[in-house]
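An overview of the molecular structure
Each chain, written out:
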Amino acid sequence: RPQIQKTRVLFFIAIFNLILVYISANSKEYIPKAGLEQKLKATEIMKNSLELLSAASDNIKSEDIYDSGIIGVDSSIITTIFDSEDKKMRDSKVACTHPNFAALVVEMFQEAQLKKDDKIAISMTGSLPGANVAVLSACKSMELEPIIISSVGSSAWGANQQDFSWLDMEEYLYNNKIINVKSIASSIGGENDLGDNLSDRGIEAIENIIASKNVEFINNKSLMESVNRKIQIYKNNDNDFNYKAFVNIGGGSASLGYGIGKDNIKVGVIYPIEKKQIDYDGFENSMAKHFLDNDITFINIKSINLLAKNVGLYPPDKAVRINEGKLFYI
């Protein structure tokens, strides 16, 4: 037989081909995604922010796998929703404390076609402090102009420690010049944005927190009045109401409306043309609906398990490296 047909020769050819297949399968070219520079800058700002907050925190909880210092407790007097013990709530709070979450926010902002000096309205709650820091980091990275209204109440594992609420964290970052903006007004939060699911002690504690900050205290008699007052504050900061986006973080009643229907709303970027697809009791009188009615893009940062899963941030994993993965390279 010709040499090429001998078993020994065929065996070595097969081995050689397998080696080539292995090399090919494990050889990758990483192509930077659009806007990479802004993402890298945002993760750096968030990393510095968390290092500062971690140093200011009394102790790092065992649940805080990224050592962010901003993961709260399962129960406190300013806790609005308690943990159902299915881990999803806690994992959501932890997942958005990874600095890469700031890059995810940048990606959403880029999808919404936001650019330097664009003015955006932001509604924050105490429930997702990691997402709050990520949004502030993305705004600074992209040189946007945010107008922020917050609420203090927080669900379990969020900024629900009385001596380290979201307004405390935000003020600390601002005073240390890590961020260049902070909330101009704040409400109690929780049910009906009035803390109806909090004890009198909890409401009093939040009132004291807000009173200690240089912000307007929004404390109206009903949810609708709270919504109207917040809309008016946004209008006072832009007479033409020329916001390029409305960003909601968490499940605030004023932002999304009341009831459980808001848990099924799409997360990420929602364009005005999509508003007819949102149909549940309570949404009609929400801030999100008002902005969409004014042809302003709505960015919904909620349900972190859905928002962050496809980019490797949920469930949280200590092995995830900063500035690596689908958010940064193809």
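Residues numbered from 1 in each chain as written. Predicted model: local features only at pLDDT ≥ 70, side-chain atom pairs only at ≥ 80, totals over all residues. Heavy atoms only, no water.

**Examining the pairing of strand β7 (residues 245-249)**
The criterion, for reference: Each residue is assigned to one of three classes by its accessible area relative to the maximum for its type, calculated with a 1.4 Å probe on protein chains only: buried under 20%, partly exposed between the two thresholds, exposed over 50%. Helix and strand definitions here come from DSSP, where helices need a minimum of 4 consecutive H or I residues and strands a minimum of 2 consecutive E residues; each element is numbered from the N-terminal end. For two strands to pair, DSSP has to find at least two bridges joining them.
In terms of burial, β7 is largely enclosed, as five of its five residues are buried. Here strand β1 (residues 119-124) runs beside β7; their pairing, made up of four bridges, is parallel. Looking at the pairing, S123 lines up with N248 of β7. Looking at chain direction, β7 and strand β9 (residues 297-301) are connected through five bridges and run parallel.

**Topic: the layout of surface pockets**
As a reminder of what qualifies: With a 1 Å grid laid over protein atoms only, a set of points is called a cavity when a 1.4 Å probe fits there but cannot get out and a pocket when it is open yet has protein on both sides within 12 Å along at least five of seven lines; lining residues have an atom within 4 Å of a point. Grid points are joined across faces, edges and corners, and a volume is the space filled by probe spheres set on the points. Amino acids are sorted into nonpolar (Ala, Val, Leu, Ile, Met, Phe, Trp, Tyr, Cys and Pro), charged (Asp, Glu, Lys and Arg) and polar (every other residue, Gly among them).
Its boundaries defined by the atoms lining it, the largest pocket holds a volume of some 950 Å³. Together, 34 residues line the largest pocket, and I81, M89, G251, D263 and K302 are the ones closest to its centre. For the lining of the largest pocket, the secondary structure elements donating two or more residues are α3 (88-95) and α11 (304-307). For the lining of the largest pocket, the element with the most residues is α3, which contributes four residues. Tallied by class, the residues present in the lining of the largest pocket amount to seven nonpolar, 20 polar and seven charged.

**Structural notes on the pattern of salt bridges**
Formally: Take a side-chain nitrogen of Lys or Arg and a carboxyl oxygen of Asp or Glu: if they are within 4 Å of each other, that pair is a salt bridge.
For the coordinates displayed, the defined rule picks out 16 salt bridges. Here E107 makes a salt bridge to K39, at a shortest N to O gap of 2.6 Å. In this pair, E107 sits in helix α4 (residues 100-111) while K39 sits in helix α2 (residues 36-56), placing the two residues 68 residues apart along the sequence. According to the relative accessible area criterion, K39 is buried, its value standing at 1%. Across the pair E284 and K289 runs a salt bridge, and its minimum N-O distance is 3.3 Å. Judged by relative accessible area, E284 falls into the exposed class, the value being 55%. Judged by its relative accessible area of 13%, K289 is buried. Three or more residues are tied together by salt bridges with common partners; here these are K275, E284, K289 and D293.

**A look at the sheet that holds strand β6 (residues 216-218)**
Heads up, the rule is: As a rule, the C-alpha atoms of each element are fitted with a line to give its axis, helices using only the stretch in contact, and angles between N-to-C directions run from 0 to 180 degrees.
As summarised here, the arrangement of the seven strands in space is β6-β5-β2-β1-β7-β9-β8, forming an open sheet in which the pairing is mixed. Every other strand in the sheet has two partners, leaving β6 and β8 (268-270) as the edge strands with one partner each. Here the average twist between neighbouring strands, direction ignored, is 20°. Inspection of the sheet shows strand β5 (residues 185-187) paired to β6 by three bridges, in the parallel sense. In the sheet register, S187 faces β6, and the bridge partner there is I218.

**Section: unusual backbone geometry**
Each neighbour pair has its own omega, and for Y314 with P315 the value is -5°, a cis peptide bond. Tracing the sequence through the fold places P315 in the segment after α11. Backbone geometry at N192 places phi at a positive 60°, although glycine is not the residue there. Its location among the elements puts N192 in the loop between β5 and α7 (200-211).

Read these as spatial facts, not as claims about activity.
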